[in-house]
Amino acid sequence: MSAFERNASPWMHGPEYAVVAEAMRIGQWGHNTATEAFEAELAAFLGVPDVVAVSSCTAALHIGLLLAGVGPGNEVIVPSQTFCATVQAILMAGAHPRFIDIDADTLCVDSAAVQAAITPSTGAVIPVLYGGRAIDLTEIKPELDRRGIAVVEDAAHAFGSRLGDKRVGATGMLTCFSFGPIKNLTCGEGGALIPRSPAEADAARTLRLLGVTQSQAARIRTTSYQVDGVGWRYHLSAVHAAIGRVQLARFADIETVRRRLWRAYARELSGLEYVALVDLDIEHTVPFNCVVRVVDERDKVFETLRDRGIGVGVHYPPNHTQPAFRQWYRPLPVTETTARQTISLPFHPAMTEHDITHVVSELRTALADLRRNSVQSARR
Ligand SMILES: *Cc1c(COP(=O)(O)O)cnc(C)c1O
């Protein structure tokens, strides 16, 4: 299978296999010291005091919302343009979504859109760092603080990206990362939550392990443990943490390759009519995907590329029109337009610049065919 046939793919080749085998050989399965070492290494990389590793970003969002005090009766401000996991986490916390619109060029929310959606029931805001681009909400942060509304960032796409000179995660918000199979850094499956204080870190660790307060190390040495409240089984297994540690150690390479490939797409796509590349602020971003907006006939372009063996995708069908979330529908003109236009081109570190030239050449041909056909049918 050629690299361009896959839309996304984890970058694992060698060292990851060895550490999994070693974890299995020495019998390290669940939450243990490998998980704690990974947490410490993540904290050093991001420049934060503490990181709580969990089993997924969905789990991190769920715990983050609970730490933010979100519960039944609360609205959580969220773009409809996100993976359904973001919205499910809101329902898991007992709250419901208040969908907002995005900017057409970045597919991200901005301060003004968040501001306009605040109501007395707002419990939290979840900005989604689409494509890896950091979101700057400093303009409305004082107002959010005054009203006691926390920001729980969905940074599933944005591991390694920066806001100014700080890494995403180090800007004082409850940031949630995904280490799922196709994310910038992968554990196979996994995630992390950045707490805002030592107290929040403790609470998050209790929530992720069935409401049990003592550390795993302390538990092994005593005859009992204490359950302080409801909790989930959201810990990151040692096998997955071992993969994450290898990936983190060579993240500088991952970052360089992803940025180089995205820039190659930007070069190839420049000047192509009827197609706009989503603006990722590439200087500050470790790109997660390469998304273009096709002005019209997106579905036909998608099908042509797919039939030509190009691994195209769509990220994501909007949530406010999904059956499960439709009761919170409100008109979102930009999202409803861009959702009909976006195509995610194949994007992952195993691709070469040659693959990218091929993908864009197929895209150019598909667009030209479409124009020719529509001109012909207009003449008929
Ligand atoms: C992948 C993803 C998630 C969920 O992450 P998991 O680790 O799979 O739970 C949430 N939000 C966005 C935007 C994602 O892309």
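Residues numbered from 1 in each chain as written. Predicted model: local features only at pLDDT ≥ 70, side-chain atom pairs only at ≥ 80, totals over all residues. Heavy atoms only, no water.

## Quick look at the layout of surface pockets
By volume, the largest pocket is sized at about 320 Å³. As for the largest pocket, its lining consists of 23 residues, of which F83, A85, A156, S178 and K183 are closest to the centre. No other element matches helix α3 (residues 57–67), which puts three residues into the lining of the largest pocket. Within the lining of the largest pocket, the residues separate by chemical class into 11 nonpolar, nine polar and three charged. For the lining of the largest pocket, the domains that each give at least three residues are domain 1 (3–249) and domain 2 (251–375). (1 Å grid on protein atoms, 1.4 Å probe; cavity = no way out; pocket = protein on both sides within 12 Å on 5 of 7 lines; lining within 4 Å. Points joined across faces, edges and corners; volume = space filled by probe spheres on them. Helix = DSSP H or I, 4+ residues; strand = E, 2+ residues; numbered from the N terminus. Nonpolar A, V, L, I, M, F, W, Y, C, P; charged D, E, K, R; others polar. Domains from an automatic or database assignment.)

## Thoughts on the domain arrangement of the chain
Taken domain by domain, the chain comprises domain 1 (3–249) and domain 2 (251–375). Each of domain 1 and domain 2 has a C-alpha centre, and these two points are 26 Å apart. Of the residues lining the interface, 47 residues belong to domain 1; the matching set on domain 2 comes to 49 residues. Interface area, domain 1 with domain 2, both sides summed: about 4,200 Å², of which 57% is carbon and sulfur. Considering only the side of domain 1, the residues that lose the most area to domain 2 are F4, N7 and W11, jointly responsible for 19% of the buried surface there. In this assembly, domain 1 and domain 2 are joined by four salt bridges. Linking R293 and D105 is a salt bridge whose minimum nitrogen-to-oxygen distance equals 3.6 Å. At the surface where domain 1 touches domain 2, the tally comes to 25 residue pairs in polar contact (both at pLDDT 80 or more). Counting residues per element, the ones that place at least two in the side of domain 1 that touches domain 2 are α4 (84–92), β3 (96–100) and α9 (238–249). The greatest single-element share of the side of domain 1 that touches domain 2, amounting to five residues, is contributed by β3. (Contact = heavy atoms within 4.5 Å. Buried area = accessible area lost by both parts, 1.4 Å probe. Salt bridge = Lys/Arg side-chain N within 4 Å of Asp/Glu carboxyl O. Polar contact = N/O pair within 3.5 Å; in protein donor to acceptor, adjacent residues only side chain to side chain.)

## Concerning the sheet that holds strand β10 (residues 275–277)
By definition, the strands of a sheet pair up through backbone hydrogen bonds, in either a parallel or an antiparallel sense. Sheet architecture is open: three strands sit in the order β10-β11-β12, paired in antiparallel fashion. At either end of the open sheet lies a strand with only one pairing partner, and these are β10 and β12 (342–345). Taken over all neighbouring pairs, the strand axes of this sheet differ in orientation by 30 degrees on average, direction set aside. (Pairing = 2+ DSSP bridges. Axes fitted to C-alpha atoms, helices over the stretch in contact; angles between N-to-C directions.)

## Quick word on the site of the ligand
Neighbouring the ligand are 14 residues; C57, T58, D154, S178 and K183 lie closest to it. Take D154: an N or O atom from its side chain is 2.7 Å from a nitrogen atom of the ligand. When isolated, the ligand has an accessible area of 380 Å², and the protein chains bury 90% of it. More than half of the atoms belonging to the ligand lie within 2 Å of the grid points that define the largest pocket. Broken down by secondary-structure element, the contributors of at least two residues to the shell around the ligand are α3 and α4. Broken down by class, the residue content of the shell around the ligand amounts to five nonpolar, seven polar and two charged. (Near = heavy atom within 4 Å. Areas by Shrake-Rupley, 256 points an atom, 1.4 Å probe, with all protein chains shown as cover. Sits in = over half its atoms within 2 Å of the grid points.)

## Points about the packing of aromatic side chains
Counted by the stated rule, this structure contains nine aromatic pairs. A centroid spacing of 5.3 Å and a plane angle of 15 degrees characterise the contact between F45 and F159, whose relative ring orientation is stacked. Here F45, found in helix α2 (residues 33–46), pairs with F159, found in the loop between β5 (150–154) and β6 (162–163); they are 114 residues apart in sequence, far enough to count as distant. Under the relative-accessibility criterion, F45 is labelled partly exposed at 23%. With a centroid separation of 5.6 Å and an interplanar angle of 35 degrees, the aromatic rings of F83 and Y316 are classed as tilted. One end of the pair, F83, is in the loop between β2 (75–79) and α4; the other, Y316, is in the loop between α11 (298–307) and α12 (333–338), and 233 residues separate them in sequence. Grouping aromatic residues by their ring pairs yields a cluster made of F38, F45, F159, F177, F179 and F251. Positioned over the ring face of W11 is R250, at 5.1 Å from the centre of the ring. The cationic tip of R371 hangs over the ring face of Y274; the distance from NZ or CZ to the ring centre is 3.5 Å. (Phe/Tyr/Trp six-rings, centres within 6.5 Å; stacked < 30°, edge-to-face > 60°. Buried < 20%, exposed > 50% of the residue type's maximum accessible area, 1.4 Å probe, protein only. Lys NZ or Arg CZ within 6 Å of the ring centre and 35° of its normal.)

## Let's talk about the environment of R298
One can find R298 in helix α11. Looking at R298, the relative accessible area reads 12%, which means it is buried. Taking C-alpha positions, R298 is 5.4 Å from Q341, a pair spaced 43 residues apart along the chain. Leave out the neighbours within four places in its chain, and R298 touches V314, A339, R340, Q341, T342 and I343. Within polar-contact distance, the side chain of R298 engages the side chain of D299 at 2.7 Å. At 2.8 Å, the side chain of R298 and the backbone oxygen of T342 are in polar contact.

## Some remarks on the pattern of salt bridges
Overall, the coordinates contain 23 salt bridges when judged by the stated rule. With its nearest N and O atoms 3.0 Å apart, the salt bridge here joins R147 to E143. Take R147: its relative accessible area is 43%, and that puts it in the partly exposed class. Judged by relative accessible area, E143 falls into the buried class, the value being 18%. Connected through shared salt-bridge partners, E39, D50, R205 and R208 make up one network.

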